[in-house]
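# Survey of secondary and tertiary structure
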Amino acid sequence: MPDAAKPDATTQDPVRLLDEHGARTASDRYDPLIADLDDHALAGLYEDMVLIRRIDAEGMALQRQGELALWPPLLGQEAAQIGLGRALRSDDFVFSSYREHGVAYCRGVAPVDLLRVWRGVSVSGWDPFEAGMASPQVIIGAQALHATGYAMGIQNDRERDPATPDSVAVACFGDGAMSEGDVNEAMVFAATYQAPVVFFCQNNQYAISEPVSLQTRVPLADRPAGFGIPSARVDGNDVLAVTAVVREALERARGGGGPGFIEAVTYRMGPHTTADDPTRYRDPAELELWSARDPIQRLRAHLESRGAFGPELEESVAARADQVAAELRAGCIAMPDPDALEVFADVYAEPHAELDRQRADYARYLGGFVS
Amino acid sequence: MTELTMAKAINAGLRAALAADEKVLLMGEDIGTLGGVFRVTEGLKAEFGEGRVLDTPLAESGIVGTAIGLAMRGYRPVCEVQFDGFIYPGFDQITSQLAKLTYRHEGSQSFPVVIRVPYGGHIGAVEHHQESPEAYFAHTAGLRSISPATPHDAYWMIQDAIASNDPVMYFEPKSRYQRRGEVDLENRGAAMHESRVVREGTEVTLVGHGAMVAVLLQAADIAAEEGTSVEVIDLRSLSPIDYEPILASVQKTGRLVVAQEAPGNVSVGSEVAATIAERAFYSLEAPVLRVSGYDTPFPPAKLEGVYLPDADRVLEAVDRSLAY
Ligand SMILES: Cc1ncc(C[n+]2csc(CCOP(=O)(O)OP(=O)(O)O)c2C)c(N)n1
Ligand SMILES: [Mg+2]
């Protein structure tokens, strides 16, 4: 057996508009795409990132305290998720994996709804059509095809009725998902039909314990070219760069330019989930390296350099984070357990006599205990 | 005799197989450096090297499909599917390829591939992590499907599976991974295709597999306290099913309850029920009854206690059987 592939998959320089100290680097291509981001908008992105980090920390804590069955943390991936989430329009539609709490937050999902699935009270947390975001996907990569099909639907609708909004579908998945057939088939379909879909791959360097080098010998962003899909590699810890690159792909898709692919290079600072122990496979030096690239610190430093970060902003954001965390905790603990007969609900859209019989049998069985 | 958890017993069985035959390979996601998400393969990469214990890319069709090619080169791959619900991206390679290749080769080539599948509920996990998909595979000709209920059987049956020249689906009841039990490292006991009486009784026969066996034994204890003598049979092999011990038992008791975590519709339990009704009709004093997961998706964790048959639901069926 050959040695597992161990190339450096991060050789191609990602798009970066903020350096690690928050200094702005100029770009003819991307600057116009974020020209509207004034102090106020930047402060908004800062607040979003701080809040979602706090929500995430609360998710971890609630799991440790036995209130949640599991929690997959996004720590370290705030800029990638907020950058994407805030670049979208309300009529766009996101198909995500289990880790995109930040994207869901931007879609207007109430923080407590992010917890439902992980508390084990339901299999979905929110109404997908209200949020413009499907229920999180656990099967790695499956959602990439759903996003592509949804985009084909947008395209068909627009052909029949040009007044249809030029919405875009977005598929979020990880570096590991790039190996699954579904993701590769999605890219084939998207390219064939030139569907308005953006593939947003957060390369957080790991698929549970497996480093990205086990999935690929080339930067992930190099692969879409083989499918005929334009691709960008972006510093996923730079919220400005993510915003610019996502907006570019969205505009191209809206204008009939077909699919796009974005690899957001970032790092999973926490465990894969609360059930994981990353000390078994990860060098602590790596964590240190990536701590220095913290996405929130970087935007904060940038705001400071613009003279747009003061105690007032810091305190108001901190107070808001405290409030959101407290509400989240209270909402989680108050979440009622589902009724036993919910097991039989919503399995089919049409009546199903045999299942009705099973439900009635079970109700009778339960009744037997009460009497 | 050694006391081991089921996870450690499978680990020991895999180690023995790796040591005995250099053509045995382990393949799967996170099985090497991490030792698997359930630590079943812990230490094996360090001991046998990354050429024998392969952390694979994240692709189940890829894992099974390449295992088939490796088998054609004389290897005996043992694939791990991380959780029951993640087997389906590999379904085509298992059912349309692996299962049919001996037939397609008119017997000239065998395909000794083992697929290890942690399965079943009782762990309070999210969607796709608690399913019992064994019926799909038991339904597919060309595959053998087995499931141990104890550390002892886990240790021996994984070695039997690897030694078999047929593809074997090895279903590991993950809720039992951390349960300890005596493992006799010298004497193997029943072969992998045999079903076995694990508790003798005279009035009702209970049949189940995997984690359900412990529930049946618990039900039998409660029944005994209430004065009912229950016989329990561990199916062990889901395809082919070894009917002789069940037929012998039903000839004695006249009553049969079949239990499983999987949904009842078109399931392993249904097959047992139908076959016993066919072959032991005149011995039966009551209809064969099934206790199973409902014909619904596996529910959210808070409802798993509703879905999964427990001793009470088994005993309710025992009472119904006795009431005929
Ligand atoms: C089809 C399938 N196989 C395996 C798994 C188990 N699993 C859950 S998450 C994961 C790693 C995913 O890594 P990546 O795509 O990089 O996403 P990340 O977790 O890093 O966000 C694996 C193997 C799964 N959920 N689905
Ligand atoms: Mg990853």
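## A word on the sheet that holds strand E7 (residues 260-265) of chain A
In any sheet, the strands associate via hydrogen bonds between backbone groups, in a parallel or an antiparallel arrangement. Residue and element names in this part refer to chain A. If you walk across this open sheet you meet the 5 strands as E1-E2-E3-E7-E6, and the pairing is parallel. Edge positions in the sheet fall to strand E1 (93-95) and strand E6 (231-235), since each of these pairs with one other strand and no more. The sheet shows a mean angle of 20° between the axes of neighbouring strands, taken without regard to direction. Sheet topology places strand E2 (residues 169-174) next to strand E3 (residues 197-203); 6 bridges connect them, and they run parallel. Bridging across to E3, Ala169 finds its partner in Val197. Here helix H6 (residues 142-160) sits on the sheet and contacts E1, E2 and E3; the angle it forms with E2, its principal contact strand, is near 170°.

## Details of the interface of chain B and chain A
Contacts between the two partners involve 33 residues from chain B and, on the opposite side, 37 residues from chain A. Contributing elements (two or more residues each) for the side of chain B that touches chain A: strand E3 (53-55), helix H3 (60-72) and helix H11 (304-307) of chain B. Partitioning the side of chain B that touches chain A into residue classes produces 18 nonpolar, 7 polar and 8 charged.

## Quick look at the confidence of the model for chain B
A residue-level look at chain B finds 100% of positions with pLDDT of 70 or above and a mean pLDDT of 98. Among the prediction metrics, the complex's ipTM stands at 0.96, with pTM recorded as 0.97.

## Digging into helix H7 (residues 181-193) of chain A
Residues and elements named next belong to chain A. The terminal C-alpha atoms of H7, which comprises 13 residues, lie 18 Å apart, in line with the 18 Å expected from a rise of 1.5 Å per residue. Those residues of H7 that sit buried are Asp182, Val183, Ala186, Met187 and Ala190. Buried residues along H7 cover an arc of 140° about the axis, so they all sit on one side. The secondary structure elements touched by the buried residues of H7 are H6, E2, E3 and helix H8 (224-227). Among the residues trailing H7, Gln194 stands out with phi positive, at a value near 50°.

Rules and cut-offs
Residues numbered from 1 in each chain as written. Chains lettered and ligands numbered in written order. Predicted model: local features only at pLDDT ≥ 70, side-chain atom pairs only at ≥ 80, totals over all residues. Pairing = 2+ DSSP bridges. Helix = DSSP H or I, 4+ residues; strand = E, 2+ residues; numbered from the N terminus. Axes fitted to C-alpha atoms, helices over the stretch in contact; angles between N-to-C directions. Contact = placed C-beta atoms within 7 Å. Nonpolar A, V, L, I, M, F, W, Y, C, P; charged D, E, K, R; others polar. pLDDT = per-residue confidence, 0-100. Expected span 1.5 Å × (residues − 1). Buried ≥ 20, exposed ≤ 12 C-beta atoms within 10 Å, placed from the backbone. Arc of directions from axis to C-beta.

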